[in-house]
Amino acid sequence: DAILREPYGCFEQTSSSNYPNIMVLQYLRATKTNNATLEARATDLLNKGYQKLVSFETKENGYEWFGASPAHAALTAYGLMEFVDMKTVYPKVDDKMLDRTAELLLSKRDGNGGFKKNPRALDSFGGADEDITNAYIVYAMSEAGKGKLVEKEINQSFRVAQKSGDPYMMALMANTMFNVGEKAKGDELLAELI
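Presented here is an overview of the structure given in this document. Owing to the predicted nature of the structure, the values given are computational and were not obtained by experimental measurement.

## Details of the overall build of the protein
Argument step 1. Counting secondary structure elements, the protein contains 8 helices and 0 strands.
Argument step 2. From first element to last, N terminus to C terminus, the protein shows the α and β order α-α-α-α-α-α-α-α.
Argument step 3. Compactness check: the protein gives a C-alpha radius of gyration of 17 Å against a globular reference of 16 Å for 194 residues, within 12% of the reference.
Argument step 4. Its C-alpha atoms give the protein principal-axis dimensions of about 50 × 40 × 30 Å.

Following this line, the structure appears as structure tokens:
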């Protein structure tokens, strides 16, 4: 009960309160905890959070802190993962919006195995280096079941992760490889991490 929060603020702030609300509902259902009052409160807060989050969709169908264009690719990727997770406990998540969000990320591909970025970063979330951002976006796409659509980008980020020595990037790409059924490549990165 103490984890539940009223969503407020920009896209990132709303997500910071909304994502834990998703996790509360996931936990209640996974543990078969029968608490109708708590579940109703969490669902009400998710409804508010969802309505607020989708209000930040840009005219090009991605997401930005305040809904201004151009959309921010990394924030859009984060939103895609959040909406996919939300859909497991909140069936009102619009499948067409999920498709539009994935399409926006596809439109941001640079043709070289990466993604074009909006240089605007309001805080450290938007300021990761290019290789990390690319790995994060392909991870988000793989979490959303869209990995087959970004195979070139996944392969490029995998090659960079192999050489990087960066544990965050290696972990992103190990999870990505497991998500897309490339167990041997995931195991390779996982062994290096260990």
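## Description of the pattern of salt bridges
Argument step 1. Inspection of every chain in the model, using the stated rule, returns 9 salt bridges.
Argument step 2. Between K146 and D99 there is a salt bridge, with its nearest N and O atoms 3.3 Å apart. With a gap of 47 residues between them, K146 in the loop between α5 (130–143) and α6 (151–164) and D99 in helix α4 (residues 95–107) connect regions that are remote in the sequence.
Argument step 3. For K146, a relative accessible area of 21% gives the class partly exposed.

## Re the packing of aromatic side chains
Argument step 1. Under the defined criterion, the tally for this structure stands at 6 aromatic pairs.
Argument step 2. Aromatic pair F11 and Y63: ring centres 5.1 Å apart, planes at 35°, arrangement tilted. Of this pair, F11 sits in helix α1 (residues 11–30) while Y63 sits in the loop between α2 (36–54) and α3 (73–87), and the two are 52 residues apart along the sequence.
Argument step 3. For F11, a relative accessible area of 0% translates into the label buried.
Argument step 4. Seen in terms of ring centroids, Y50 and F83 are 6.0 Å apart; in terms of plane orientation they differ by 85°. Their pairing is edge-to-face. Of this pair, Y50 sits in helix α2 while F83 sits in helix α3, and the two are 33 residues apart along the sequence.
Argument step 5. Among the aromatic residues, those joined into a cluster by ring pairs are F11, Y50, F56, Y63, F83 and Y90.
Argument step 6. Seen from the ring of F158, K185 lies directly overhead, with NZ or CZ sitting 5.2 Å from the centre.

## Points about the packing of α5 against helix α7 (residues 167–179)
Argument step 1. The geometry of α5 relative to α7 is characterised by a closest axis approach of 9 Å and an angle of 25° between their N-to-C directions. Judged by the angle between their axes, α5 and α7 are roughly parallel. Crossing handedness for the pair α5 and α7: left-handed. Between α5, through D131, I132, A135, Y136, V138, Y139, S142 and E143, and α7, the contact on the second element is made entirely by Y168, M169, L172, M173, N175, T176 and N179.
Argument step 2. Here the residues of the contact of α5 with α7 sort into 9 nonpolar, 4 polar and 2 charged.

## Remarks on unusual backbone geometry
Argument step 1. For the bond from S69 to P70, the omega torsion is 5°, close enough to zero to count as cis.
Argument step 2. The topology assignment puts P70 in the loop between α2 and α3.
Argument step 3. Although it is not a glycine, K32 adopts a positive phi angle of roughly 55°.
Argument step 4. Considering the arrangement of structural elements, one finds K32 in the loop between α1 and α2.

Conventions used here
- Residues numbered from 1 in each chain as written.
- Predicted model: local features only at pLDDT ≥ 70, side-chain atom pairs only at ≥ 80, totals over all residues.
- Heavy atoms only, no water.
- Helix = DSSP H or I, 4+ residues; strand = E, 2+ residues; numbered from the N terminus.
- Rg over C-alpha atoms; globule rule 2.2 N^0.38 Å.
- Salt bridge = Lys/Arg side-chain N within 4 Å of Asp/Glu carboxyl O.
- Buried < 20%, exposed > 50% of the residue type's maximum accessible area, 1.4 Å probe, protein only.
- Phe/Tyr/Trp six-rings, centres within 6.5 Å; stacked < 30°, edge-to-face > 60°.
- Lys NZ or Arg CZ within 6 Å of the ring centre and 35° of its normal.
- Axes fitted to C-alpha atoms, helices over the stretch in contact; angles between N-to-C directions.
- Parallel < 35°, antiparallel > 145°, perpendicular 65-115°, else oblique.
- Left-handed = near helix turned anticlockwise from the far one by under 90°.
- Contact = heavy atoms within 4.5 Å.
- Nonpolar A, V, L, I, M, F, W, Y, C, P; charged D, E, K, R; others polar.

Read these as layout, nothing more, since geometry by itself doesn't imply function.
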